[in-house]
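The primary structure of each chain is shown beneath.
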Amino acid sequence: MVLTRQSTRASSMASQLQAITVETSTGSTCKPRKKRTKVSEDESQETTSSSKPKRARKLKPEVDKSEFLPRAQSQWKVGAHVSAAGGVENAVLNAASIGANSFALFLKSQRKWESPPLSNESITEFKRLMKELGYESRMVLPHGSYLINLGNPDAAKREKSFACFLDDLKRCEALGLELYNFHPGSTVGETSVETSLSLIADCINRAHVETSRVTVVLENMAGAGNIIGSDFGHLAGIIKLVKDKLRVGVCLDTWSQVMHSLRVMIFERKMAGITKFDEQIGLKYLCGMHLNDSKTEYNSKKDRHENIGLGHLGLLSFVHILNDPRTQNIPLILETPSFEQAKEIWGTEISVLQRVSGEGNVCHHNGTTKEGEHLVDIDALVNQLKKSVLNGAKRN
């Protein structure tokens, strides 16, 4: 039988009790307690300081960059939503390890209303690693809690969401970050869309007063149920009511129904260049993108992410995005399944997307992309993506 720590401790305590019982039954008595002597305050401090010396602060080990995947030198900043388990500072290392040029993270548990504050050690180490590994703060797109609903007509519930929302923004400021991405919210079927838009904007305005520099980034949504954000008009309506227009923006998610129909309209280069997004919101508000293929067809109103090149959008859709200068120098974040094999899957997706990026690329319908004098075989790249997913799924 293997003894656990608890069973061993219990056995030890039982043996001690048995020994005491035997001594008592044979007439033995317990030894009297020694009389305490009074110790002066000076002696006490001297004894304490000599018996319990202060522990020396552990030095952080130097980062081993030898196993990091290479990071492409590109104007298109492709990265992923990486884990921050064990401390937000670990997100920087996790991003660097997969060759990411940008990254997203949760600043606290996305499933709890309240979380412990960030420690000074984590904040300091996060900033140190950002500098050491060459990440600019505007290439980090933290994601808000899934619990937040600033559009809820119930005042008490909305206030609870606002407290969580504001806490996230203050964490961003503590870490020196500039952007904060979140889902706008829902009417919960108890009010009009217009009322919810007004409530969301009011919360953003309040948060702007209590913070100094973070830009609030609204995300477009799939449109299920009473969710706000499936229509560009929703996002435009919120922005219209926000007082400080310099601190509000939009993150476009490619899997959503709007991106299915707009993938060519927005990102295929045209001399005229006007798009529905430009008309309703304005490209100046584009602060980032989530790069996800889709398991479902257009207008399904379902949030079902698929790995790049394996879904209904296909790799050529992302070739459009990564050849448009309007998507340069903003975080382009993968939220695709990683099967706990980030380096295998996200590393491959980042590498492939960076491979097809560049203003010289021209999309062809025969499955190839012309890159200057070189031809990129799209089918071969898709097979590479499939292989990485299969390998990652097997190892998980």
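Provided above is the structure to which this section pertains.
In short, a report on the structure. Here the structure is a predicted model, which means the values were calculated and not measured.

Here we look at the packing of aromatic side chains
What the rule picks out here adds up to six aromatic pairs. When the centroid spacing of 5.6 Å and the interplanar angle of 80° are considered together, the rings of Phe106 and Tyr146 count as edge-to-face. With a gap of 40 residues between them, Phe106 in the loop between strand E2 (103–104) and helix H4 (120–132) and Tyr146 in the loop between H4 and helix H5 (155–175) connect regions that are remote in the sequence. Owing to a relative accessible area of 17%, Phe106 belongs among the buried residues under this scheme. Taken together, a centroid distance of 6.4 Å and an interplanar angle of 40° make the contact between Phe162 and Phe165 tilted.

Here we look at helix H12 (residues 378–395)
Along an α-helix, residues three or four positions apart point the same way, because every turn accommodates 3.6 residues. With 18 residues, H12 extends 26 Å from end C-alpha to end C-alpha; this agrees with the ideal 26 Å at 1.5 Å per step. Among all positions in H12, only Ile378, Leu381, Val382, Leu385, Ser388, Val389 and Gly392 are buried. Taken around the axis of H12, the buried residues stretch over an arc of 120°, which confines them to a single face. Structural note: H12 exposes Lys387, Leu390, Lys394 and Arg395 on the side pointing more than 90 degrees away from its buried face. N-cap assignment for H12: the residue whose side-chain oxygen lies 3.1 Å from the backbone N of Asp379 is Asp377.

Considering the environment of Ser161
On the secondary structure map, Ser161 appears in helix H5. Since its relative accessible area comes to 2%, Ser161 is described here as buried. Residues Ser161 and Leu150, spaced 11 residues apart in sequence, show a C-alpha to C-alpha distance of 6.2 Å. From its side chain, Ser161 meets the backbone nitrogen of Asn149 in a polar contact 3.0 Å long.

A few points about helix H7 (residues 232–241)
In terms of burial, H7 is a largely internal element, seven of the 10 residues being buried. Capping the start of H7 is the job of one residue whose side-chain oxygen sits 2.6 Å from the backbone nitrogen of Gly233: Asp231.

As for the pattern of salt bridges
For the structure shown, the criterion picks out 10 salt bridges. A salt bridge links Lys108 to Asp168; its shortest N-O distance comes to 3.4 Å. Of this pair, Lys108 sits in the loop between E2 and H4 while Asp168 sits in helix H5, and the two are 60 residues apart along the sequence. The residues Lys108 and Asp168 share a single accessibility class, namely buried. Residue Arg206 pairs with Glu159 through a salt bridge whose shortest N-O separation is 2.8 Å.

Thoughts on the sheet that holds strand E11 (residues 331–334)
Strands sit in the order E2-E1-E11-E8-E7-E5-E3 across an open sheet of seven strands; the sheet is parallel. Two strands in the sheet have a free side with no partner beyond their single neighbour: E2 and strand E3 (179–182). Relative to strand E8 (residues 286–291), strand E7 (residues 248–253) is paired through four bridges, and the arrangement is parallel. If you follow Asp253 over to E8, its bridge partner there is His290. Where H5 meets the sheet, its contacts fall on E3 and strand E5 (215–219), and the angle it forms with E3 comes to roughly 150°.

Rules used in this analysis
Residues numbered from 1 in each chain as written. Predicted model: local features only at pLDDT ≥ 70, side-chain atom pairs only at ≥ 80, totals over all residues. Heavy atoms only, no water. Phe/Tyr/Trp six-rings, centres within 6.5 Å; stacked < 30°, edge-to-face > 60°. Helix = DSSP H or I, 4+ residues; strand = E, 2+ residues; numbered from the N terminus. Buried < 20%, exposed > 50% of the residue type's maximum accessible area, 1.4 Å probe, protein only. Expected span 1.5 Å × (residues − 1). Arc of directions from axis to C-beta. Polar contact = N/O pair within 3.5 Å; in protein donor to acceptor, adjacent residues only side chain to side chain. Salt bridge = Lys/Arg side-chain N within 4 Å of Asp/Glu carboxyl O. Pairing = 2+ DSSP bridges. Contact = heavy atoms within 4.5 Å. Axes fitted to C-alpha atoms, helices over the stretch in contact; angles between N-to-C directions.

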